[in-house]
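Summary of structural features
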Amino acid sequence: MNELEARLLAAHADDDRAALVRLYTEAADQAMDEDAAAFYLTHAYVYALELGALQAGVLRHRLIDMGREAPLQAVSDSSR
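Below is a short write-up of the structure.

Parameters at a glance
Residues numbered from 1 in each chain as written. Predicted model: local features only at pLDDT ≥ 70, side-chain atom pairs only at ≥ 80, totals over all residues. Heavy atoms only, no water. Helix = DSSP H or I, 4+ residues; strand = E, 2+ residues; numbered from the N terminus. Buried < 20%, exposed > 50% of the residue type's maximum accessible area, 1.4 Å probe, protein only. Salt bridge = Lys/Arg side-chain N within 4 Å of Asp/Glu carboxyl O. Axes fitted to C-alpha atoms, helices over the stretch in contact; angles between N-to-C directions. Parallel < 35°, antiparallel > 145°, perpendicular 65-115°, else oblique. Left-handed = near helix turned anticlockwise from the far one by under 90°. Contact = heavy atoms within 4.5 Å. Nonpolar A, V, L, I, M, F, W, Y, C, P; charged D, E, K, R; others polar.

1. Structural notes on the environment of Gln-55
Summarising the element assignment, Gln-55 is placed in helix α4 (residues 55-65). What makes Gln-55 partly exposed here is its relative accessible area of 38%. Residues Gln-55 and Gln-30, 25 residues apart in the sequence, show an inter-C-alpha distance of 18 Å.

Quick look at the structure:
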């Protein structure tokens, strides 16, 4: 097990969600392929949403840029 995996497991054991956002983002940055990066970014994004963390927007945009998340559609006044 590498050092990052050990830190992720420790953060899960401690239910340290702020650390999980940071660590999953770090894992995504180090990922060797796009699928792995998207997997880690998705986890970071979910934990950031749970915390109401500002990083959630940045993580979401990274997922959109990867084609793993869709941008929000504008709602017109006529469709309400």
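2. A short note on the pattern of salt bridges
Following the criterion strictly, the structure yields eight salt bridges and no others. Between Arg-7 and Glu-3 there is a salt bridge; the shortest N-O distance is 2.6 Å. On the criterion of helical spacing, the pair formed by Arg-7 and Glu-3 is a turn pair, its members being four residues apart in helix α1 (residues 3-14). For Glu-3, a relative accessible area of 53% translates into the label exposed.

3. With respect to unusual backbone geometry
Backbone geometry follows two general trends: most residues other than glycine have a negative phi, and most peptide bonds adopt the trans configuration. A positive phi angle, near 50 degrees, is found at Asp-15, a position not held by glycine. By the secondary structure assignment, Asp-15 is in the loop between α1 and α2 (17-30).

4. What to know about the packing of α2 against α4
The contact between α2 and α4 brings their axes to 12 Å, and the two run at 25 degrees. What the angle tells us is that α2 and α4 run roughly parallel. Seen from above, α2 lies across α4 with left-handed handedness. Seen from α2, the contacting residues are Val-21, Thr-25, Ala-28 and Asp-29; seen from α4, they are Gln-55, Leu-59 and Arg-62. By residue class, the composition of the contact of α2 with α4 is three nonpolar, two polar and two charged.

5. Brief notes about the side chain of Arg-60
Residue placement: Arg-60 occurs in helix α4. Once residues lying within four places of it in the same chain are set aside, the contact partners of Arg-60 are Tyr-45, Glu-69, Ala-70, Pro-71 and Leu-72.

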